[in-house]
Amino acid sequence: MNQLDSIIKKIVSLEEAKELVSEWKKNGEKVVFTNGCFDIIHKGHIYYLAKAHDLGSKLILGLNTDASIKRLKGENRPIKEEESRALTIASFEFIDLVVLFDEDTPLQLISTLLPDVLVKGSDYQIENIVGAKEVLANGGEVKTIDFVEGFSTTNYVKKM
């Protein structure tokens, strides 16, 4: 399989992800889940995602669709369309799967996949993280990761 095919293969539907997660868990893998827009990739994203992967052995990223981002961030976003964002994220070696979601929150993804570890940035309180109740009720963990100061897509958009 060539490099591009192996990257594209990581971008899956929720049903495909569910099957893979089941297989991974049977094989003793610790599945980590995080989500976001990942519009303009920067240093903060790389640090965050690498640290998220270190919390387990497989990392799934729930990626907001273009329509979802427009509802959340306004008509001028996203900067890059979902296919470009998905390919970029899937190209990172520490990302095992990318699943796009069109809802405003990843609750359906989290409730379906029930990862072992749910991760968000430390700007969230654990009790306010979407899907935390479901993951904790299933015996999983909810963790937060500190951001790298000064790096945000919003700051880059302002510069442009």
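Sequence positions are assigned chain by chain, starting from 1 and proceeding in written order. Reporting in this predicted model follows two pLDDT cut-offs: at least 70 for local features of residues, and 80 or more for side-chain atom pairs to be given and counted; totals over whole chains, interfaces and linings ignore these cut-offs and use all residues. Computation of side-chain values: all heavy atoms of the structure, hydrogens and water removed.

1. Description of the overall build of the chain
So, step 1. Helix and strand content of the chain: eight helices and five strands.
So, step 2. Its helices and strands taken in sequence order, the chain reads α-α-β-α-β-α-α-β-α-β-α-β-α from the N to the C terminus.
So, step 3. Its C-alpha atoms give the chain a radius of gyration of 15 Å, near enough to 15 Å, the size a compact globule of 160 residues would have.
So, step 4. Projected onto the principal axes, the alpha-carbon positions of the chain cover approximately 45 × 40 × 25 Å.
So, step 5. Should any heavy atoms of two residues lie within 4.5 Å, those residues are counted as being in contact. Taking as baseline every contact in the chain between residues at least 6 positions apart, the subset at least 24 positions apart corresponds to 74%.
So, step 6. For accessible areas, the Shrake-Rupley method is used with a probe of radius 1.4 Å. Any residue's cover is judged against the shown protein chains and nothing else. Summing over all exposed atoms, the chain offers an accessible surface of approximately 8600 Å²; the carbon and sulfur share of this is 50%.
So, step 7. In this tally, Lys and Arg are treated as positive and Asp and Glu as negative; His is ignored, and so are the chain termini. Throughout, a charge is located at the NZ atom of Lys, the CZ atom of Arg, the CG atom of Asp or the CD atom of Glu. Here the chain carries 20 positive and 25 negative side-chain charges, and the mean point of each set is 4 Å from the other. Numbering of helices and strands runs from the N terminus, with a helix taken as a DSSP run of H or I at least four residues long and a strand as a DSSP run of E at least two residues long. The size measure is the radius of gyration over C-alpha atoms, and the globule rule it meets is 2.2 Å times the number of residues to the 0.38 power.

2. What to know about the packing of aromatic side chains
So, step 1. The criterion for an aromatic pair is that two Phe, Tyr or Trp rings (for Trp, the six-membered ring) have centres within 6.5 Å, with stacked assigned to planes under 30 degrees apart, edge-to-face to planes over 60 apart and tilted to the rest. One pass over the structure, following the stated rule, counts one aromatic pair.
So, step 2. Considering the side-chain rings of Phe-92 and Phe-94, the 5.4 Å spacing of their centres and the 25° angle between planes classify their relative orientation as stacked. Comparing Phe-92 with Phe-94, the two get one shared label, buried. The rule is simple: take the accessible area with a 1.4 Å probe, protein chains only, and divide by the maximum for that residue type; under 20% is buried, over 50% is exposed, in between is partly exposed.

3. Thoughts on helix 2 (residues 14-26)
So, step 1. The span you would expect from a helix comes to 1.5 Å times its residue count less one. Taking 1.5 Å as the rise per residue, helix 2 with 13 residues should run 18 Å; its terminal C-alpha atoms sit 18 Å apart, in good agreement.
So, step 2. The set of residues buried in helix 2 consists of Leu-14, Ala-17, Val-21 and Trp-24. Angularly, the buried residues of helix 2 cover 80° about the axis, an arc narrow enough to put them on a single face. What points out from helix 2, more than 90 degrees from its buried face, is the exposed set Glu-19 and Lys-26.
So, step 3. Buried positions along helix 2 lie against strand 1 (31-36), strand 2 (58-64), strand 3 (97-101) and helix 6 (107-113).
So, step 4. At the C-terminal side of helix 2, Gly-28 shows a positive phi close to 80°. The arc in question is the one spanned by the directions pointing from the helix axis to the C-beta atoms.

4. Concerning helix 5 (residues 82-90)
So, step 1. Within helix 5 the residues assigned to the buried category are Arg-85, Ala-86, Ile-89 and Ala-90. Burial along helix 5 is one-sided: seen end-on, the buried residues are contained in an arc of 125°.
So, step 2. Buried residues in helix 5 make contact with helix 1 (3-8), helix 3 (43-53), strand 2, helix 4 (66-73) and strand 3.

5. Considering the sheet that holds strand 3
So, step 1. Strand pairing requires that DSSP identify at least two bridges connecting the strands. Taken in spatial order, the five strands line up as 3-2-1-4-5 in an open sheet, and their pairing is parallel. Every other strand in the sheet has two partners, leaving strand 3 and strand 5 (141-145) as the edge strands with one partner each. Averaged over all adjacent pairs, the angle separating strand axes in this sheet is 25°, with direction ignored.
So, step 2. In this sheet, strand 4 (residues 117-121) lies alongside strand 1 in parallel orientation, the contact comprising two bridges. Bridge pairing in strand 4 places Phe-33 opposite Leu-118. Under this scheme, a helix contributes an axis fitted over its contacting stretch, all axes are lines through C-alpha atoms, and angles between N-to-C directions fall in the 0 to 180 degree range.

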